[in-house]
Amino acid sequence: MKGDKNVDIQALKDIANKLRIDSIVATNASKSGHPTSCASMAEIMSVLFFHTMRYKISAPKDPSADRFILSKGHAAPILYAAWAEAGLFPVEELKNLRKLDSDLEGHPTPRLNFVDVGTGSLGQGLAVAAGMAYVGKYFDQAPYRVFCLIGDGEAAEGSVWESLHFASHYKLDNLVVIFDVNRLGQSEPTSLQHKLDVYDARMKAFGLHSLVVDGHDVSELVKAFDEAASVQGKPTAIVAKTFKGRGFPGIEDQDNWHGKALGAEGDKIIKHLQSQIKSSTISLKPAAPLAEAPRVHLGDVTLSAPPAYSRGDQVATRLAYGTALKKIADTNMRVIALDGDTKNSTFSDKLRNAYPERYIECFIAEQNLVGVATGAACRDRAIVFASTFAAFFTRTFDQIRMGAISQSNINLVGSHCGVSIGEDGPSQMGLEDLALFRAVPSATVFYPSDAVSTERAVELAANTRGICYIRTSRPNTNILYANDEVFKVGSAKIVRQSPKDKVLLIGAGVTLHEALLAADKLKAEGIEARVMDPFTIKPLDEAAVQQHAKAVGGRVVVVEDHYQAGGLGEAVLSALALQRASLVRHVCVRALPRSGPPQALLDTFGISAAHVTRAAHALLEA
């Protein structure tokens, strides 16, 4: 079909109405959903899936195929209908929409073999699409294209504009952004309604090739998508004027129909739509991809050289992260790094300096940073590490949460955690990040305490499925481990012990070093203390915590450079909740911090060695 000058316009019109009917049937069967939101984009979907996009029905996620991201995920029924009408599965299955035992969920998720990422938390699809397009243009160097459909309501999200800037800056001419401007939001009209000239001006101002079209005119859409394929050096925006509930008499362009099945009205509307259809069967089929994308291997990632530190060295874990990132990039050309203009602080610039073509600068737009990372990792095209200050990942929690729903494999690295960063003050201190990532179901949370364990954390993260978070620190800290020490996910290390230990001290990052200092002070007083490095906070080595707590009579002090809620302390408390005769002191940051020298802040806010020592005494005296 693609490239055929004699486009079957009537067939595309018929398919659009079939997609409308399918959406009504599906939402009526589930008694819920968004049929009016589907109706506004029916012609767009018809032209995309049956004229413009190149893909394989036999392999929906083929790396060579075009990609489609439905950012307005509530219109899922029409996405499902398009794949069903294309022949991927029986149209009859659409009646299983939203059923507990069906993967045709209310919003798309990758439980379906034709969905790359979960969508529905609005404003995020374009960042993912931009990540896919960047990989396609600069890494795969393959001709596949990326299409992202955005609702006009979600265009109020600032993350959309972060992504438009990114796409324009990197000249992603393989990306087409479609705005479904149907005028109506969930509860009232959108702020711009049908001011197409404003959308057009904004797209042009952001550096996109902008085309304003009648979104219900198949001929205009065909022409616009064909033109987009010839545009070079910039992405294309297709601003489509549409109407919510298009083709639904009495409902089209009316308020109060958002998110409602049509019920009894649906039967009459289906009959009306059927009367518009001229052909009984669909003969249009998608064209095959133009060329094969390169094969890539993402497994068995290793450091190019083992850690090479000496006892007595002092190295910040954030610096060791950069060293390790460059080392794994040496051994796998699909290791890439992204950062938000903090590369000389996170030390992701070590990869950039060695392999500039494998570094993506996302500038100070962290929501887009995480979204682009998610897109870059889709279809297993790259091993992605994205870094910024730990504090700034908190503004990306929704993207991280959706990354988990998307079954994404991305590695996020947060530096400058805790009060130990010093004089920069509380706005820069990551004190909530462990709680954030521990709450994410697919997350593995690394908290290395020296340069050796940091390098191994990077290596392990590169080989671990799901979302990985590595928490790194700003201060230089002592080397604790031999260069050949073996680390495993979920396996803690005991860095000091004796048969006479009376208390277990657990710390991570800078606080492990404070725990060791506290153990020295206690030893000078004749009290032996065992010291544990958890290495991963999630999964926590609960068996080790329980075993070593029991060995010291159940007395445990946990110290962390984090607020009380959700961090290492609460992970340890959970591990010991059902253990008899356990008593835990949680030493953490309990007040809003302020600027000051790092060591002074550790002491002022209660997590220095002196406070750990006092907590141990309190347990021993209890």
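Owing to the predicted nature of the structure, the values given are computational and were not obtained by experimental measurement. (Residues numbered from 1 in each chain as written. Predicted model: local features only at pLDDT ≥ 70, side-chain atom pairs only at ≥ 80, totals over all residues. Heavy atoms only, no water.)

Draft legend 1. Just helix 17 (residues 510-524), in detail. For helix 17, with 15 residues, the first-to-last C-alpha span of 22 Å sits near the 21 Å given by 1.5 Å per residue. Among all positions in helix 17, only Val510, Thr511, Leu512, His513, Glu514, Ala515, Leu516, Ala518, Ala519 and Leu522 are buried. Gly526 sits one or two positions beyond helix 17 and adopts a positive phi of about 90 degrees. (Helix = DSSP H or I, 4+ residues; strand = E, 2+ residues; numbered from the N terminus. Expected span 1.5 Å × (residues − 1). Buried < 20%, exposed > 50% of the residue type's maximum accessible area, 1.4 Å probe, protein only.)

Draft legend 2. Inspection of the UniProt feature "domain: Transketolase-like pyrimidine-binding" (unreviewed entry) in the protein chain at higher detail. Using the residue numbers shown here, the UniProt feature "domain: Transketolase-like pyrimidine-binding" (unreviewed entry) corresponds to residues 315-479. Taken end to end, residues 315-479 has its terminal C-alpha atoms 7 Å apart, with 39% of it in helix and 21% in strand. (UniProt positions renumbered as here; feature names shortened; annotations may be inferred.)

Draft legend 3. Here's a closer look at the side chain of Lys343. Position of Lys343 among the secondary structure elements: in helix 11 (residues 343-346). Taking relative accessible area as the criterion, Lys343 reaches 17% and is therefore assigned buried.

Draft legend 4. Quick peek at the sheet that holds strand 5 (residues 236-241). Across the sheet, 5 strands lie side by side as 1-2-3-5-4; this open sheet has parallel pairing. Looking at which strands have only one partner, the edges of the open sheet turn out to be strand 1 (67-70) and strand 4 (209-214). Ignoring strand direction, the axes of neighbouring strands in this sheet form an average angle of 20 degrees. The sheet contacts of helix 8 (residues 218-230) involve strand 2 (146-151), strand 3 (175-181), strand 4 and strand 5, and relative to strand 4 the element is tilted by about 170 degrees. (Pairing = 2+ DSSP bridges. Axes fitted to C-alpha atoms, helices over the stretch in contact; angles between N-to-C directions. Contact = heavy atoms within 4.5 Å.)

Draft legend 5. How the structure looks around the pairing of strand 9 (residues 383-389). Judged by how many residues are buried, strand 9 sits mostly within the fold: 7 of 7 residues are covered. When strand 7 (residues 335-339) meets strand 9, the two strands line up parallel, connected through 5 bridges. Within strand 9, the residue paired with Ile336 across the bridge is Val384. As judged from the 6 bridges shared by strand 9 and strand 10 (residues 410-415), these two strands associate in the parallel manner. Within strand 10, the position partnered with Val384 by the bridge is Ile410. After leaving strand 9, the chain enters helix 14 (residues 397-405) and then returns to the sheet as strand 10, a path that is right-handed. (Right-handed = clockwise from strand over helix to strand, strands pointing away.)

Draft legend 6. Focus on the pairing of strand 7. Counting buried residues in strand 7 gives 5 out of 5 residues, a clear majority hidden from the surface. Judged by which residues are buried, strand 7 turns out to be covered on both faces: Val335, Ala337 and Asp339 on one side and Ile336 and Leu338 on the other are all buried. As paired strands, strand 7 and strand 8 (residues 359-361) are joined by 3 bridges and run parallel to one another. Bridge pairing in strand 8 places Asp339 opposite Glu361.

Draft legend 7. A look at the layout of surface pockets. The calculated volume of the largest pocket comes to roughly 270 Å³. Together, 17 residues line the largest pocket, and Thr477, Val510, His513, Glu514 and Leu517 are the ones closest to its centre. Of all the secondary structure elements, the ones that give two or more residues to the lining of the largest pocket are strand 13 (476-478), helix 17 and helix 20 (598-604). Take the lining of the largest pocket: its biggest share by element is 6 residues, from helix 17. Classifying every residue of the lining of the largest pocket gives 7 nonpolar, 7 polar and 3 charged. Shared between two domains, the lining of the largest pocket holds at least three residues of each, these being domain 2 (313-479) and domain 3 (493-621). (1 Å grid on protein atoms, 1.4 Å probe; cavity = no way out; pocket = protein on both sides within 12 Å on 5 of 7 lines; lining within 4 Å. Points joined across faces, edges and corners; volume = space filled by probe spheres on them. Nonpolar A, V, L, I, M, F, W, Y, C, P; charged D, E, K, R; others polar. Domains from an automatic or database assignment.)

Draft legend 8. Inspection of empty space enclosed by the protein at higher detail. Enumeration according to the criterion identifies 6 cavities of 30 Å³ or more in this entry. Here the largest cavity defines a volume of roughly 150 Å³. Along the wall of the largest cavity there are 18 residues; nearest its centre are Phe68, Ile69, Leu79, Trp83 and Phe114. Elements represented by at least two residues in the lining of the largest cavity include exactly strand 1 and helix 4 (76-86). Take the lining of the largest cavity: its biggest share by element is 4 residues, from strand 1.

Draft legend 9. Structural context of the state of the cysteines. All told, the structure shown has 0 disulfides when counted by the stated rule. You can see Cys378 has no disulfide; the closest cysteine sulfur is in Cys148, sitting 12 Å from it. Cys588 carries a free sulfur, and the closest cysteine sulfur to it, the one in Cys417, is 14 Å from it. (Disulfide = S-S within 2.5 Å.)

Draft legend 10. Geometry of the domain arrangement of the protein chain. By the assigned domains, the protein chain splits into domain 1 (9-276), domain 2 (313-479) and domain 3 (493-621). Facing the 36 residues of domain 2 at the interface are 31 residues of domain 3. Interface area for domain 2 against domain 3, summed over the two sides, is near 2,500 Å², with a carbon-plus-sulfur share of 62%. On the surface where domain 2 and domain 3 come into contact, there are 0 salt bridges. Put simply, domain 2 and domain 3 have 19 residue pairs in polar contact (both at pLDDT 80 or more) between them. (Buried area = accessible area lost by both parts, 1.4 Å probe. Salt bridge = Lys/Arg side-chain N within 4 Å of Asp/Glu carboxyl O. Polar contact = N/O pair within 3.5 Å; in protein donor to acceptor, adjacent residues only side chain to side chain.)

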